[in-house]
Amino acid sequence: MKTALWIFNIFLAIGLTKTANILILLPLPLYSHTNTFLPVFKELAAGGHNITMVSPYPQKQTIPNWTDITIDISIFEQFMDETIKGFTNLNVYVFYFAFWKFCSNAMKLAYQDKSLQKLIHSEELNYDLVILEPYFAQESLIAFGHKLNVPVIGLHPLSLSPWAAYLTGNEFSLTLSPNYRSGYTSNMTLAQRFDNTLINLIEFFTAYFLYLPMQENLMEDYMVYPGSKSRPPILAMLRNISLTLMDYHHSVGYVHPLQPNTIPVGGLSLKHATELPKDLKDIIEESNSTVIYLSFGSHVRDVSAKVLKALLEAFEELDHRVLMKWENENIPNKPKNVEIRKWFPQPSVLAHPSVQLFISHGGLHGTTEASFFGVPILGIPFFSDQEFNLKFVEQAGTGLTLLQKEVCKESLLKAIHELLNNPCYREAALKRSRIVNDRPHSALESAVYWIEYVLRHNGAIHLRPASLDLSIYQFLLLDIILLFLFLVVIVGLFIILSIKFLLLLMKVKKNRSNKKLV
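(A) Summary view of the pairing of strand 11 (residues 355–360). Of all six residues making up strand 11, six are buried, and the element is well covered by its neighbours. Looking at chain direction, strand 8 (residues 291–295) and strand 11 are connected through five bridges and run parallel. Pairing of I292 across the sheet is with L357, part of strand 11. Sheet topology places strand 11 next to strand 12 (residues 377–379); three bridges connect them, and they run parallel. Residue pairing across strands places F358 opposite I377, the latter belonging to strand 12. In this fold, the crossover linking strand 11 to strand 12 by way of helix 13 (residues 364–373) has right-handed handedness.

What follows is the structure, encoded as structure tokens:
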């Protein structure tokens, strides 16, 4: 009965949603971010909406109701490679200073693209909705919502951080919510909570006082169009976003209280799981043994010679087939049991029952996919949120982590044998898989529903929490703290003056008593 009612409501909602022209702005070369939400965009196009996507990744095949505006990816190549290498071993206390600078410089490059500039200056645009990633380097593009006078939907590639929480009106505990750069779990010692609070405060204040002015300047310099002079400040527009789709889910991460305008849709990349190509399927099934899959994602293209040497030496001693995603397919001294390719259909590989271990950098999508299919993880984090994600994996009992400095042939073999031979990891992974799979609706269904919800309700302003109207000092409770301190001072002064007054009375009384005795 409930299923029938849900289906009826879906068809009713579809009937009420008019075909819309949707502009998607993802101009930066962040492939994993774009690729994750691609199933949502394609589903919207299949539903009759007209999609225009601005990105460096045009579709290889023609899609009905789809237009690509292609950003020249070559303008980013050297910049991205050099920056990511610099992030690998960056101290957590200076990370955000470097990261905010990277974000601003990346967008400055994107604005050099002629296609994007043409779009900015065009006066013949007709769109009903803008979708962009306004919490990760692309904040200045929020001006498109003002230019077109349409609602904006934000995409967020991570779990909530203090800065994203502030922009979306969500609650965030500076002490109890682990910062994705801290490497802590939700169970912290006093020292860790102190350190975590410090990192969260560094993120928030550098974002507010350093990064936001950078993005405001970019907006003023490049987002120039008729009417732009009357545009609200960037912060006001960022805090007026209709809805945020968060690439995160509590089944594979820590729990956060979320406002109605923030929808978790983690697991969208699972849509990419399809039948394995025959040649790859044959390699996996002809091995007649457990298969290990290694991938360090789309941005880690190179590792130290020490780590690579340790990996190859460890694999050579295994009786298992190893599938290794690597940019260089002709690695010297490659063991016979290792199959190297530049690309593997990762969700499809992890879905195969013979794949019993995933050696990963700890990216959010990889850990989500492994959790979905019940595959234990051996994590080797490099930067960003990877150690944070792997700490949750360890806490859930579904894997182990080796820091780069700990990687050697012996440590790898010990960890691999532990994960393959100790049944508790496989059991925990299968338990986690049941949790991840137990959702009322798929991530894709939820994402499409809420996008169309915003269209049906003209921006869905009723989802906007009152916390978005708070100023920074109210958000940080500075007014409450000052009032509390004021009351403490007043009460303290009252107590001190009362004591002095009582002492004075006692002294006067004593003097009178002495005079009577004389």
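Moving on from the model shown.
(B) Broad picture of the sheet that holds strand 11. Here six strands make up an open sheet; going across it, the order is 10-9-8-11-12-13 and the pairing parallel. Each edge of the open sheet is held by one strand with a lone partner, namely strand 10 (338–341) and strand 13 (399–401). With direction set aside, neighbouring strand axes in the sheet form an average angle of 15°. Bridge analysis of strand 8 against strand 9 (residues 321–325) gives four bridges, and the strand direction is parallel. Of the residues in strand 9, the one forming a bridge with Y293 is L323.

(C) Inspection of the pattern of salt bridges at higher detail. Under the defined criterion, the tally for this structure stands at eight salt bridges. One salt bridge connects K278 with D282, and the closest N-O pair in it is separated by 2.9 Å. Taken together, the residues span about one helical turn, with K278 and D282 both in helix 10 (residues 278–286) at a distance of four residues. Classification of K278 by relative accessible area gives exposed; the value is 62%. Residue D282 is classed as partly exposed on the basis of its relative accessible area, which comes to 25%. A salt bridge links K409 to E317, with the nearest nitrogen and oxygen atoms 2.9 Å apart. Remark: E317 occurs in the loop between helix 11 (305–316) and strand 9 and K409 occurs in helix 15 (residues 409–421); sequence separation between them is 92 residues. Taking relative accessible area as the criterion, K409 reaches 22% and is therefore assigned partly exposed. The exposure class of E317 is partly exposed, given its relative accessible area of 49%.

(D) Expanded view of empty space enclosed by the protein. The final tally for this structure, using the stated rule, is four cavities of 30 Å³ or more. A volume near 110 Å³ is recorded for the largest cavity. For the largest cavity, the full set of lining residues is F99, W100, Y135, F136, H156, L158, S161, W163, A164, Y180 and E203. If you list the elements that add at least two residues to the lining of the largest cavity, you get helix 4 (92–110) and helix 7 (162–168).

(E) Spotlight on the side chain of T197. You can see T197 is positioned in helix 8 (residues 190–222). When its relative accessible area of 17% is taken as the criterion, T197 is described as buried. The contacts of T197, once residues within four sequence positions are left out, are L174 and T175.

Reading the values: rules and limits
Residues numbered from 1 in each chain as written. Predicted model: local features only at pLDDT ≥ 70, side-chain atom pairs only at ≥ 80, totals over all residues. Heavy atoms only, no water. Buried < 20%, exposed > 50% of the residue type's maximum accessible area, 1.4 Å probe, protein only. Helix = DSSP H or I, 4+ residues; strand = E, 2+ residues; numbered from the N terminus. Pairing = 2+ DSSP bridges. Right-handed = clockwise from strand over helix to strand, strands pointing away. Axes fitted to C-alpha atoms, helices over the stretch in contact; angles between N-to-C directions. Salt bridge = Lys/Arg side-chain N within 4 Å of Asp/Glu carboxyl O. 1 Å grid on protein atoms, 1.4 Å probe; cavity = no way out; pocket = protein on both sides within 12 Å on 5 of 7 lines; lining within 4 Å. Points joined across faces, edges and corners; volume = space filled by probe spheres on them. Contact = heavy atoms within 4.5 Å.

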